[in-house]
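Fold and contact review
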Amino acid sequence: MKLTHRRVKLDEMASFVKEHHRHTAPLRRHMFSIGAYEDWCNPYDLFGVATVDNCSSAWSKRADHTELRRLCTRPGAPPNVASYLLGQVKKAVWGMGYRVLVTYTQPYENGRSLLASGFHAQKARAMFSIRVPNTTRACIHGGLVQWVAVRGRQPDERERAQTKKFLAETNEAYDRERRKLATEGFDLFPTREAMRHG
């Protein structure tokens, strides 16, 4: 299947993310979004979207850094849609003069598409569980893995080894905390917002 892409407006991106993203709410702003669909088909029948905006971290002060804020594919999408969108995002931001593209994944995600697209994991945030008093509702917060892609270079052997280490550690920590909450009789929610309204 041949994929192609187009620019996606903010409201269209938000609608797609709201319907298909597993754990994150739509953004209220973006620098730009790209949608992927099958060539020669309805361009509004999207397989996935990727959204870029200013960095949400301390890196927001660096003019040559920008962030991939959302990457979302719908159920049944071809397996290469995420990698295709990552490639198109990198072409776009490099063409705009950015040097570093930053993004984050949850501690239970494998980051396979990011690895295949020239990203490497740089660090992982602390992880902890949150419980709603007098209920069985809980969620695991934090543990985000920070990824970067740098214009004009691929990750070296040390960076690839570091990425595997971060992923193994965060996956193991998440599974350990998940098993602990299950043993204590808690129902696990994907986010604090879902937990509070569950």
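Scroll up a little and you will see the structure.
First, a word on what this report is: a plain description of the structure on this page. (Residues numbered from 1 in each chain as written. Predicted model: local features only at pLDDT ≥ 70, side-chain atom pairs only at ≥ 80, totals over all residues. Heavy atoms only, no water.)

**Overview of the sheet that holds strand E9 (residues 145-150)**
Reading across from one edge, E1-E2-E3-E4-E5-E9-E6 is the order of the seven strands in this open sheet, with mixed pairing throughout. Two strands lie at the open edges of the sheet, namely strand E1 (3-8) and strand E6 (120-124), each paired on one side alone. Taking each pair of neighbouring strands and ignoring which way they run, the sheet shows an average axis angle of 30°. Bridging between strand E5 (residues 100-105) and E9 involves six bridges; their strand directions are antiparallel. Within E9, the position partnered with Leu101 by the bridge is Ala149. (Pairing = 2+ DSSP bridges. Helix = DSSP H or I, 4+ residues; strand = E, 2+ residues; numbered from the N terminus. Axes fitted to C-alpha atoms, helices over the stretch in contact; angles between N-to-C directions.)

**Some words on unusual backbone geometry**
If you check the backbone angles, Asn134 has positive phi at about 65° while not being a glycine. For Asn134, the location among the structural elements is in the loop between strand E7 (127-131) and strand E8 (137-142).

**A word on the packing of aromatic side chains**
By the definition in use, this model includes one aromatic pair. Arranged with centres 5.0 Å apart and planes meeting at 55°, the rings of Tyr108 and Tyr174 form a pair that is tilted. Placement of the pair is Tyr108 in the loop between E5 and helix H3 (112-116) and Tyr174 in helix H4 (residues 157-183), with a sequence separation of 66 residues. Judged by its relative accessible area of 13%, Tyr174 falls in the buried class. One cation-aromatic arrangement involves Arg131 over Phe186; the distance from NZ or CZ to the ring centre is 5.2 Å. (Phe/Tyr/Trp six-rings, centres within 6.5 Å; stacked < 30°, edge-to-face > 60°. Buried < 20%, exposed > 50% of the residue type's maximum accessible area, 1.4 Å probe, protein only. Lys NZ or Arg CZ within 6 Å of the ring centre and 35° of its normal.)

**A closer look at H4**
Compared with the 39 Å implied by 1.5 Å per residue over 27 residues, the 39 Å span of H4 between its first and last C-alpha is a close match. Residues Glu159, Thr163, Phe166, Leu167, Thr170, Ala173, Tyr174, Glu177 and Leu181 constitute the buried set of H4. Taken together, the buried residues of H4 touch H3, E6, E7, E8, E9 and strand E10 (187-189). The N-terminus of H4 is capped by Asp156, whose side-chain oxygen sits 3.2 Å from the backbone nitrogen of Arg158. (Expected span 1.5 Å × (residues − 1). Contact = heavy atoms within 4.5 Å. Polar contact = N/O pair within 3.5 Å; in protein donor to acceptor, adjacent residues only side chain to side chain.)

**A closer look at the pattern of salt bridges**
Under the criterion given, the structure shown has 11 salt bridges. Between Glu12 and Arg6 there is a salt bridge whose closest N-O contact spans 2.4 Å. For Glu12, a relative accessible area of 21% puts it in the partly exposed group. With a relative accessible area of 16%, Arg6 lands in the buried category. What emerges from the salt-bridge pattern is a single network uniting Arg153, Arg158 and Glu159. (Salt bridge = Lys/Arg side-chain N within 4 Å of Asp/Glu carboxyl O.)

**Focus on the nonpolar core**
In terms of nonpolar packing, the biggest core is built from 26 residues, with Leu68, Val81, Val89, Val93, Leu101, Phe119 and Trp147 touching the most fellow members. Elements with a minimum of two residues in this core: strand E2 (32-38), strand E3 (48-53), helix H2 (81-95), E9 and H4. For this core, the element with the most residues is H2, which contributes seven residues. Listed in part, the nine residues of the second largest apolar core include Val8, Leu27, Leu46 and Val49. (Core = buried A, V, L, I, M, F, W, Y, C linked by side-chain atoms within 4.5 Å.)

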